[in-house]
Amino acid sequence: MSKLAFIGGGNMARSLIGGMLARGHDPALIAVGEPFVAAREALHSQFGVTVSADNRAVVDGASTIVLAVKPQMMKSVCADLPALDQSVLVVSIAAGVTLTQMRRWLGPGPRLLRVMPNTPALIGAGTTALCGEPGLAETDYREAEALFSSVGNTVRISDEQLMDAVTAVSGSGPAYFFLLMESMEAAAIAQGLSPEAARQLVTGTALGAARMANEDAEGPAELRRRVTSPGGTTAAAVAVFEKAGMASITDQAIEAATARGRSLAAEQES
Ligand SMILES: NC(=O)c1ccc[n+]([C@@H]2O[C@H](COP(=O)([O-])OP(=O)(O)OC[C@H]3O[C@@H](n4cnc5c(N)ncnc54)[C@H](OP(=O)(O)O)[C@@H]3O)[C@@H](O)[C@H]2O)c1
């Protein structure tokens with residue numbers, strides 16, 4: 001096994017390291033660069049990985065480097081790294097930072113991959129989209145997939161232009177489901193249920209529905225049809241959602257998030 005370096009030891013790096021160790025990765029082969037001393041000490045005591053405030057030392061000898069800092073830190077973090085050659089795979093998880101920017105900041109050497117994880121990765125149930133530079137080798141995709149599948153599912157995206165749509169769907173997506181769950185909880189309480197019962201009924205139902213949609217090859221539209229008997233209670237609720245334009249509202253919301261992602265990336269360009 002070869003050395004893996006993380007630059008940034010925050011939430012996402014912690015989840016990935018935890019997932020990898022649970023899958024048998026050797027902590028002695030993981031090094032983390034993190035400026036905050038308490039975060040460094042916590043990473044070392046929790047996982048037994050090597051930690052340092054010196055990013056240059058952390059990447060020394062690493063075959064894969066995961067850049068897990070906030071997007072606004074990315075340019076200066078890249079500028080401080082030593083020149084990297086073709087033997088190194090760099091994986092950026094920063095939202096909105098493009099492969100073109102990464103290439104400009106890191107120079108011509110390393111192979112580059114951009115990924116978009118989401119927050120459920122923190123509990124091992126993430127969905128991560130991966131997009132490499134055109135021509136990136138299959139082995140590089142496989143290596144990144146092995147890394148991110150330790151915290152959930154992975155999906156390949158071949159056209160980087162679509163990463164803003166990915167951000168709008170899976171990156172921001174957990175919040176849309178939380179919003180629906182929030183509304184359902186409030187509605188349940190308005191019907192007289194206790195907050196505790198409302199929480200259990202809503203979260204349990206969301207989990208069950210998500211598992212069914214994930215495990216049943218028919219997909220959500222057919223699953224919905226199956227539980228919607230004509231004239232029944234589900235049909236009464238679905239009619240209200242449809243009359244209020246749920247499909248169109250969802251479409252507009254995803255379009256707004258995609259456009260916002262595009263403009264955030266453009267702002268970073270300047
Ligand atoms: N969390 C998510 O669900 C999620 C989803 C998709 C994408 N992402 C992307 O993942 C990246 C990391 O997110 P996160 O949630 O893990 O953020 P985070 O918890 O804030 O972690 C970033 C870490 O990087 C450290 N850092 C800052 N400057 C550094 C430097 N020069 N060298 C090394 N480390 C440095 C920070 O230390 P200090 O605290 O001391 O500043 C912090 O511990 C972001 O770019 C974000 O866009 C996150």
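Describe in detail the overall build of the chain, supporting the description with residues and values.
Scanning the chain from terminus to terminus reveals 12 helices and eight strands. If you line up the chain on its principal axes, its C-alpha atoms span 65 × 40 × 35 Å. The 270 residues of the chain split such that 39% are buried. Counting contacts in the chain only where the partners sit at least 6 residues apart, residues at least 24 apart contribute 59% of the total.

Any details on the site of the ligand? Residues and values, ideally.
Lining the immediate surroundings of the ligand are 24 residues, of which Asn-11, Met-12, Glu-34, Asn-55 and Val-69 lie closest. A distance of 2.9 Å separates an oxygen atom of the ligand from a polar atom in the backbone of Asn-11. A distance of 3.0 Å is found between a nitrogen atom of the ligand and a side-chain nitrogen or oxygen belonging to Asn-55. When its residues are assigned to classes, the shell around the ligand shows 14 nonpolar, eight polar and two charged.

Which residues make up the domain arrangement of the chain, and what values go with them?
Assigned domains within the chain: domain 1 (4-163) and domain 2 (173-265). Just the C-alpha atoms count here: the centres of domain 1 and domain 2 sit 33 Å apart.

Parameters at a glance
Residues numbered from 1 in each chain as written. Predicted model: local features only at pLDDT ≥ 70, side-chain atom pairs only at ≥ 80, totals over all residues. Heavy atoms only, no water. Helix = DSSP H or I, 4+ residues; strand = E, 2+ residues; numbered from the N terminus. Buried < 20%, exposed > 50% of the residue type's maximum accessible area, 1.4 Å probe, protein only. Contact = heavy atoms within 4.5 Å. Near = heavy atom within 4 Å. Polar contact = N/O pair within 3.5 Å; in protein donor to acceptor, adjacent residues only side chain to side chain. Nonpolar A, V, L, I, M, F, W, Y, C, P; charged D, E, K, R; others polar. Domains from an automatic or database assignment.

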